[in-house]
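# Structural features, examined
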Amino acid sequence: MAQPVLTFTDRGIYCPAGDFFIDPWRPVDRALITHGHADHARPGHRRYLATRAALPVMRHRLGDITAEGIAYGETRRIGDASVSFHPAGHLPGSAQVRVEVGGEVWVVSGDYKTTPDGLCEPFEPVRCHAFITECTFGLPVFEWAPQQAVADEINAWWATNAAAGRVSVLGAYSLGKAQRVLSLVDSGIAPILTHGAVEATNAVLRDQGYALPETHYVTPDLKAKDYPGALVVAPPSALGSPWMRRFGGASSAFASGWMALRGVRRRRAGDRGFVLSDHADWPGLHDAIKATGAERIFPTHGYTDIFARWLNASGWQAQVVPTEFGGAEDESDALIEPEAAS
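Each value, and the rule that gives it
Residues numbered from 1 in each chain as written. Predicted model: local features only at pLDDT ≥ 70, side-chain atom pairs only at ≥ 80, totals over all residues. Heavy atoms only, no water. Helix = DSSP H or I, 4+ residues; strand = E, 2+ residues; numbered from the N terminus. Buried < 20%, exposed > 50% of the residue type's maximum accessible area, 1.4 Å probe, protein only. Polar contact = N/O pair within 3.5 Å; in protein donor to acceptor, adjacent residues only side chain to side chain. Pairing = 2+ DSSP bridges. Axes fitted to C-alpha atoms, helices over the stretch in contact; angles between N-to-C directions. Parallel < 35°, antiparallel > 145°, perpendicular 65-115°, else oblique. Left-handed = near helix turned anticlockwise from the far one by under 90°. Contact = heavy atoms within 4.5 Å. Salt bridge = Lys/Arg side-chain N within 4 Å of Asp/Glu carboxyl O.

### Observations regarding the side chain of serine 251
Within the secondary structure, serine 251 sits in strand E16 (residues 251-255). A residue is classified by how much of its surface remains accessible, and serine 251, at 8% relative accessible area, is buried. At 3.1 Å, the side chain of serine 251 forms a polar contact with the side chain of tryptophan 157. Here aspartate 271 takes part through its side chain, which lies 3.2 Å from a polar atom of the side chain of serine 251.

Right under this line is the structure:
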């Protein structure tokens with residue numbers, strides 16, 4: 001019996017024919033990385049391969065790594081495997097990894113979003129025989145509203161606070177979500193301030209040519225009164241922390257797909273919750289899987305058991321793959337972006 005294109009090990013997803021891993025969670029010799037979030041791009045690997053657009057953020061987060069960039073769609077031969085990276089639509093530079101061995105094609109999705117957001121490279125379906133898919137939001141309750149509708153909600157909340165002289169603080173993960181929020185808000189309402197973790201990532205992405213509005217870094221001596229009605233974009237870990245005290249009676253909110261669940265909204269300390277995710281919703285997961293033409297589906301992190309049962313009942317061959325990827329949109333954000341950054 002021929003060896004499978006990819007196998008699942010205690011270090012991560014492994015390709016025997018090429019002797020490499022994809023998004024491994026323990027140190028390996030050669031790691032192919034789908035994107036820069038800390039649950040996928042971890043330190044300690046000897047060699048990294050990622051898209052050219054993902055590498056600057058990875059270097060910013062991981063430090064001095066031995067890494068090579070690859071263009072979207074470029075085919076690279078590694079051992080007896082052919083690999084290529086294709087847009088995942090999750091955040092700038094994110095990719096799905098296509099692996100072909102002996103005419104059989106497997107695709108590792110990493111994290112993905114099927115609807116364009118105007119900031120990152122749009123998702124590109126890749127035909128394959130087997131598809132390893134995330135299902136972070138793999139329940140029917142998760143169906144995202146049009147992006148513009150959410151942008152209008154955020155801007156209305158901010159404008160109302162600004163008219164009352166209040167600062168608005170919006171919690172959004174420092175890589176991906178924060179920049180997406182910044183690309184959606186109306187910068188004409190008032191100044192935009194950023195936590196140090198967000199601003200450092202902004203600088204990396206601006207240097208690559210991603211369009212972001214003007215922002216002001218929140219330094220220790222910044223006075224909120226000098227920026228009346230400002231919008232502050234900060235990691236969720238900063239909300240409810242001593243860092244927030246400088247903004248007085250600010251109104252706070254979170255932007256996350258988890259805001260679709262009432263219980264999560266109640267547990268968060270924010271006044272508002274905006275449903276905005278960089279992952280595929282329930283319809284998006286189905287659309288992506290159908291577009292691959294794959295017969296075998298391997299759900300990873302998220303509602304794996306429920307999603308696999310639905311897939312099997314719908315005619316696919318589905319098998320859950322346990323991984324150490326985060327179950328949230330980027331739970332590890334707080335671990336690598338200390339609040340002391342600003």
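Picking up after the structure, the text goes on.
### A closer look at the sheet that holds strand E5 (residues 47-51)
The sheet built from six strands is open, its strands ordered E1-E2-E3-E4-E5-E6 with mixed pairing. Two strands close off the open sheet at either side, each with one partner strand: strand E1 (7-9) and strand E6 (67-70). Across this sheet, the average inter-strand angle for adjacent strands is 30°, counted without regard to direction. With four bridges connecting them, E5 and E6 associate as parallel partners.

### Details of the packing of helix H6 (residues 282-292) against helix H7 (residues 304-313)
Look at H6 against H7: their axes get within 13 Å of each other, and the N-to-C directions meet at 50°. The orientation of H6 with respect to H7, classified from their angle, is oblique. Handedness of the crossing formed by H6 with H7: right-handed. For the pair H6 and H7, the contacting residues are Trp282, Leu285, His286 and Ile289 in the first and Phe307, Trp310 and Leu311 in the second.

### Regarding the pattern of salt bridges
Counting across every chain of the model gives 10 salt bridges. With its nearest N and O atoms 3.2 Å apart, the salt bridge here joins glutamate 74 to arginine 76. Overall, glutamate 74 belongs to the partly exposed group, its relative accessible area being 26%. The salt bridge involving lysine 113 is made with aspartate 117; its shortest N-O contact spans 3.0 Å. With respect to burial, lysine 113 and aspartate 117 carry one shared label: buried. What emerges from the salt-bridge pattern is a single network uniting Arg52, Glu68, Glu74 and Arg76.

### Structural notes on the sheet that holds strand E19 (residues 317-318)
One open sheet accounts for seven strands, arranged E7-E8-E9-E10-E11-E18-E19; its pairing is mixed. Either end of the sheet is taken by a strand with one partner, and the two such strands are strand E7 (76-78) and E19. Bridge analysis of strand E18 (residues 296-302) against E19 gives two bridges, and the strand direction is parallel. Bridge pairing in E19 links isoleucine 297 to alanine 318. Its contacts with the sheet put H7 on strand E11 (130-135), E18 and E19, and the angle it makes with E18 is roughly 160°.

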